[in-house]
Amino acid sequence: MEVISVNHLRKMFANKTIHRDVSFKVKEGECLGLLGGSGAGKSVILRSLIGLEKPDGGEIRIDGVDISKLSEPQLYEIRKKVAYAFQNGALFDSLTVFENVAYALKEHTTLSDKDIRLKVHDLLKDFNLDGCENLFPNELSGGMQKRVGLARAIILGPRAILYDEPTAGLDPANTITIQNLILHLKESGTTSILVTHDMDTALRVCDRICFLDKGEIEDLGSVEEIKKDRTRLMSLFVRG
Amino acid sequence: MNTRTARFLNFVGGNAILSRDITRQLFTRPFYFDLLSSQLLTIGVRSLPLIFVVAISVGMVMALQFGIGLEKFGGKLYIPKLVSVSITRELGPIFASLMFAARVGAGITAEVASMVVSQQVDALRALGTSPVKKIIIPRVLACLIALPILTVIGNAIGLMGGLFVGVLDLNLNSGFYLQKIEASVTLADFFSGVGKTVFFSLFISIPACYYGLHVQRGTRGVGIATTEAVVTASILIFIGDYFLTKFFWIFESWK
Ligand SMILES: Nc1ncnc2c1ncn2[C@@H]1O[C@H](COP(=O)(O)OP(=O)(O)OP(=O)(O)O)[C@@H](O)[C@H]1O
Ligand SMILES: [Mg+2]
């Protein structure tokens, strides 16, 4: 069954067409890699999937529900199921790392303060961020902010996660950590879309890869097939 | 349709939608009282020094001006009445509101706009919470509560400023001055002055939030939005003042 299914999505900003006709599906438990040149509109696709952008045409279904017809309060329910890890972290700069990561737990669960503290602590450890609880976002490096943003997005244990370049700007060790984390979440059944420029990450964690170019999407097939012919993947970027 | 008309219509429509969202979400759960109280601190309490300085200067200068003008005609005894009534009815509320627009309105726009630009507003939405509840309502409510209170305090300080000058520079008897204040300032004067600031606080806070939320991407946009918010609030205060004064005037004479 498809968790995410996009049909003939159209999106414009002012007079600029970003998406002409975008269609793709993501099955339950699958990780779809979304590649494409800078400015191709990858982030806009992810933002549209949780209703941060309104499409100009087509439909976006999450678990069968067409979210382009939902009101903002109805979208809150979708957003608890589908997490979006922002490309730049988008941390709340008036809150500490702890408060950022604990945000969704405080808002949407009835957990006690102690349980929240334990949960946040464990998660930060997974992201190599222990000891950062009381720092503010402006005291963190770019890569640390990104990891905090990722932790904040996934803390509720969402059904699907949209990763926007989660490994960009990270050192090799942290890149591996994040890859392992995504793989771990995938094994536990989470559906995901991974936007990235990093081929190694895409080939390691994704099941299938799509390429976004000139407002349309091309399905490149399964990772196994692509691995046999890596030059084809490279040639797409050169052509674009 | 030219761009200026389009922008004006966008402004009116955008503020109407924002006001509707605020009213709708004001009475639904969850309520964030902690956010309101922290805004009351930054918006209200931290404005006190500014209000103090402005109010005392206005009171003192008013007394001096009337003093110079009226002494020639032997009208010095009318100074307490003139100064006190003009401060409570008009100058206290107007100066408090304009200073509030400059300090608080500008602050709100700059803060909200930076949150938009750095995608924090999107992050609030992405995490299943309402930016209107989280950032707009606490600020609008804090303004609504703080400005009338600041005006009352400012009025009192302004009257004291007048009293100082009256006693020290114009050689009026302080007991006489106080008694004149009491006799000439009516409850109607007081409420028509403070009552206006309830409306002014909305003229300041709602457009400030509107300009912040609709900032053009980029750091330059934040500066432009802030300027627009302060100018708009000041204009709305002056236009609104005329109509509100007229309204209270009709209301008082009708009673
Ligand atoms: N709010 C907006 N208003 C106007 N144009 C926008 C807006 N957001 C995005 N765009 C435009 O949409 C296009 C796609 O942007 P998007 O951020 O999706 O690119 P991307 O594929 O994620 O690129 P990158 O890999 O650099 O992150 C860009 O040309 C951008 O200028
Ligand atoms: Mg992007």
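Residues numbered from 1 in each chain as written. Chains lettered and ligands numbered in written order. Predicted model: local features only at pLDDT ≥ 70, side-chain atom pairs only at ≥ 80, totals over all residues. Heavy atoms only, no water.

Draft legend 1. The overall build of chain B, seen in detail. If you tally the helices and strands in chain B, you get 9 helices and 0 strands. Listed N to C, the secondary structure of chain B is α-α-α-α-α-α-α-α-α in terms of helices and strands. Looking at chain B as a whole, 48% of its 255 residues qualify as buried. Carbon and sulfur atoms provide 71% of the accessible area of chain B, an area that totals close to 12,800 Å². Side-chain charges of chain B comprise 21 positive and 12 negative groups, with the mean position of each set lying 7 Å from the other. (Helix = DSSP H or I, 4+ residues; strand = E, 2+ residues; numbered from the N terminus. Buried < 20%, exposed > 50% of the residue type's maximum accessible area, 1.4 Å probe, protein only. Areas by Shrake-Rupley, 256 points an atom, 1.4 Å probe, with all protein chains shown as cover. Lys, Arg positive; Asp, Glu negative; His and termini not counted. Charge placed at Lys NZ, Arg CZ, Asp CG, Glu CD.)

Draft legend 2. Expanded view of the interface of chain A and chain B. With 18 residues of chain A at the interface, the matching set in chain B holds 15 residues. Both sides together, the interface formed by chain A and chain B hides about 1,600 Å², and carbon and sulfur atoms give 51% of it. The three residues of chain A that bury the most area against chain B are A:Tyr76, A:Phe92 and A:Tyr103, which together make up 31% of that side's buried surface. Taken together, the connections running from chain A to chain B amount to 3 salt bridges. Of the charged contacts, one joins A:Arg47 and B:Asp122 as a salt bridge, the two residues approaching to 2.9 Å between their closest N and O atoms. The tally of links from chain A across to chain B stands at 10 residue pairs in polar contact (both at pLDDT 80 or more). (Contact = heavy atoms within 4.5 Å. Buried area = accessible area lost by both parts, 1.4 Å probe. Salt bridge = Lys/Arg side-chain N within 4 Å of Asp/Glu carboxyl O. Polar contact = N/O pair within 3.5 Å; in protein donor to acceptor, adjacent residues only side chain to side chain.)

Draft legend 3. Examining the environment of B:Val140 more closely. Residue and element names in this part refer to chain B. With respect to the secondary-structure elements, Val140 resides in helix H6 (residues 131-168). Judged by relative accessible area, which is 5%, Val140 ranks as buried. In contact with Val140, not counting residues within four places along its chain, are Ile22, Leu202, Ser205, Ile206 and Cys209.

Draft legend 4. Geometry of the pairing of strand S4 (residues 57-62) of chain A. Residues and elements named next belong to chain A. Bridging between strand S1 (residues 2-13) and S4 involves 5 bridges; their strand directions are antiparallel. Its bridge partner lying in S4, Arg10 is registered against Gly57. Both S4 and strand S5 (residues 65-66) contribute to a ladder of 2 bridges, which runs antiparallel. Counted as the bridge partner of Ile62 is Val65 from S5. (Pairing = 2+ DSSP bridges.)

Draft legend 5. Quick peek at the site of ligand 1. All names here are of chain A. Around ligand 1, the surrounding shell holds 14 residues, and the nearest of these are Ser38, Gly39, Lys42, Ser43 and Gln87. A distance of 2.8 Å separates an oxygen atom of ligand 1 from a polar backbone atom of Gly39. Gly41 places a main-chain nitrogen or oxygen 2.9 Å from an oxygen atom of ligand 1. Protein contact buries 67% of the 640 Å² of open area that ligand 1 shows by itself. Breaking the shell around ligand 1 down by element, the ones donating at least two residues are strand S2 (16-27) and helix H1 (42-49). (Near = heavy atom within 4 Å.)

Draft legend 6. Layout of the coordination of the magnesium ion (ligand 2). Residue and element names in this part refer to chain A. Ser43 (OG) and Gln87 (OE1) make up the full set of protein donors to the magnesium ion (ligand 2), lying at 1.9 to 2.3 Å. Taken as a pair, Ser43 in helix H1 and Gln87 in the loop between strand S6 (82-85) and helix H3 (97-108) lie far apart in primary sequence, 44 residues in all. Overall, Gln87 belongs to the partly exposed group, its relative accessible area being 33%. (Donors = N, O, S within 2.8 Å, 3.2 Å for Na, K, Ca; no water.)

Draft legend 7. Looking closely at the side chain of A:Thr175. All names here are of chain A. Within the fold, Thr175 resides in helix H6 (residues 172-187). Classification of Thr175 as buried rests on a relative accessible area of 11%. When sequence neighbours within four positions are dropped, the list of residues in contact with Thr175 reads Thr167, Leu170, Asp198 and Thr201.

Draft legend 8. A look at the pattern of salt bridges. Applying the stated criterion across every chain, the model contains 26 salt bridges over all chains. The partner of A:Asp219 in a salt bridge is A:Arg208, and the shortest N-O contact between them spans 2.8 Å. Here A:Asp219 is found in strand S10 (residues 216-222), whereas its partner A:Arg208 is found in strand S9 (residues 208-213), with 11 residues between them in sequence. Here A:Asp219 falls in the partly exposed class, since its relative accessible area comes to 44%. Overall, A:Arg208 belongs to the buried group, its relative accessible area being 17%. Residue B:Arg89 pairs with B:Glu252 through a salt bridge whose shortest N-O separation is 3.2 Å. Of this pair, B:Arg89 sits in helix H4 (residues 79-117) while B:Glu252 sits in helix H9 (residues 219-254), placing them 163 residues apart in sequence. Salt bridges sharing partners connect three or more residues here, namely A:Lys11, A:Arg47, A:Glu53, A:Glu72, A:Arg79, B:Asp122 and B:Arg125.

Draft legend 9. Broad picture of unusual backbone geometry. Following B:Arg29, the chain continues into B:Pro30 via a peptide bond in cis, with omega recorded as -10°. If you trace the backbone, B:Pro30 turns up in the loop between helix H1 (3-26) and helix H2 (33-44). For A:Asn128, which is not glycine, the phi torsion reads 55° and is therefore positive. Secondary-structure assignment places A:Asn128 in the loop between helix H4 (113-126) and helix H5 (142-154).

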